[in-house]
Amino acid sequence: MTPQVVAIAHGFGDSDCMNTITAPKPIKKLWANWLVLWTQMVGLFASMMLLSRAFTERFFNWVVFGSTANPSTFSPEALDYLRLTFIVMSAVMIGWAALLWFVARGPFRVGEPWAWSALTVSIVGWYVLDSAFSVINNFPENAILNTVFVVGALPPLVATRPSTR
């Protein structure tokens, strides 16, 4: 498949001022669909965290504290604050997943170069920062969970990096 060439005239009928722009090469359907599905899974996970207090508390208590029960040393106020952090984290993840979804299903799918960069910087940036600070603060379990998520996003990002298209 050859890229489309679009001619753009500048001015009013001045054919001497013509520029050509090569249209982006669309991303293979497999990789575009894969990344769209990944963003939906991130959004679904975050929605479950937001809508199911039991799921969120049990899951993160298990990941962070090694047990599904609330830590017995936490006061009721501390548990309320912990719940608030889960709510805020869930809402931010839903917003992030929605933005990634729109970029993946639109500009990324049609091969806009900036879309690959935006997705890659956002996902890799999240992974590196969140995982590094998790390990630094003695919560490597969260870094392991992050690794599970990022592994799902890497194949389409690696396969579609601009130098391989």
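The rules behind each value
Residues numbered from 1 in each chain as written. Predicted model: local features only at pLDDT ≥ 70, side-chain atom pairs only at ≥ 80, totals over all residues. Heavy atoms only, no water. 1 Å grid on protein atoms, 1.4 Å probe; cavity = no way out; pocket = protein on both sides within 12 Å on 5 of 7 lines; lining within 4 Å. Points joined across faces, edges and corners; volume = space filled by probe spheres on them. Helix = DSSP H or I, 4+ residues; strand = E, 2+ residues; numbered from the N terminus. Nonpolar A, V, L, I, M, F, W, Y, C, P; charged D, E, K, R; others polar. Expected span 1.5 Å × (residues − 1). Buried < 20%, exposed > 50% of the residue type's maximum accessible area, 1.4 Å probe, protein only. Contact = heavy atoms within 4.5 Å. Polar contact = N/O pair within 3.5 Å; in protein donor to acceptor, adjacent residues only side chain to side chain. Salt bridge = Lys/Arg side-chain N within 4 Å of Asp/Glu carboxyl O. Axes fitted to C-alpha atoms, helices over the stretch in contact; angles between N-to-C directions. Parallel < 35°, antiparallel > 145°, perpendicular 65-115°, else oblique.

**Observations concerning the layout of surface pockets**
Looking at the largest pocket, its volume works out to about 630 Å³. What lines the largest pocket is a set of 24 residues, and nearest its centre among them are Phe60, Met89, Asp130, Ser134 and Asn142. Every element with two or more residues in the lining of the largest pocket is listed here: helix H1 (29-51), helix H2 (53-65), helix H3 (76-108), helix H4 (113-136) and helix H5 (140-159). For the lining of the largest pocket, the element with the most residues is H3, which contributes seven residues. Each residue belonging to the lining of the largest pocket can be placed in one class, and the counts come to 18 nonpolar, five polar and one charged.

**Details of empty space enclosed by the protein**
In total, this model carries one cavity of 30 Å³ or more according to the counting rule given. Surrounding the largest cavity, Glu57, Asn61, Asn70, Leu79, Leu82, Arg83 and Phe86 form its lining. Sorting the residues of the lining of the largest cavity by element identifies H2 and H3 as the ones contributing at least two each. Across the lining of the largest cavity, the residue classes break down as three nonpolar, two polar and two charged.

**Brief notes about H4**
The terminal C-alpha atoms of H4, which comprises 24 residues, lie 34 Å apart, in line with the 34 Å expected from a rise of 1.5 Å per residue. Buried residues of H4: Ala115, Trp116, Leu119, Thr120, Ile123, Ser131 and Ser134, and no others. Tucked into the core, H4 has its buried residues touching H1, H3 and H5. One or two residues past the end of H4 sits Asn138, with phi positive at roughly 65°.

**Here we look at the side chain of Ser131**
Structurally, the position occupied by Ser131 is in helix H4. Judged by relative accessible area, Ser131 falls into the buried class, the value being 8%. Of note is the side chain of Ser131, whose polar atom sits 3.1 Å from the side chain of Asn146. Contact partners of Ser131, with chain neighbours within four places excluded, come to Trp126, Ala143 and Asn146.

**A word on the pattern of salt bridges**
Summed over the entire model, instances satisfying the criterion amount to three salt bridges. One salt bridge connects Glu57 with Arg83, and the closest N-O pair in it is separated by 2.3 Å. One end of the pair, Glu57, is in helix H2; the other, Arg83, is in helix H3, and 26 residues separate them in sequence. This pair shows no difference in class: Glu57 is buried, exactly as Arg83 is. It is possible to trace a salt-bridge network through shared partners that takes in Arg53, Glu57, Asp80 and Arg83.

**Observations regarding the packing of H2 against H5**
Two elements in contact, H2 and H5, have axes separated by 7 Å at closest approach and are oriented at 120°. It follows from the interaxial angle that H2 and H5 lie oblique. Along the contact surface, H2 presents Phe59, Phe60, Val63 and Val64, while H5 presents Glu141, Asn142 and Leu145. Of the residues in the contact of H2 with H5, the class split is five nonpolar, one polar and one charged.

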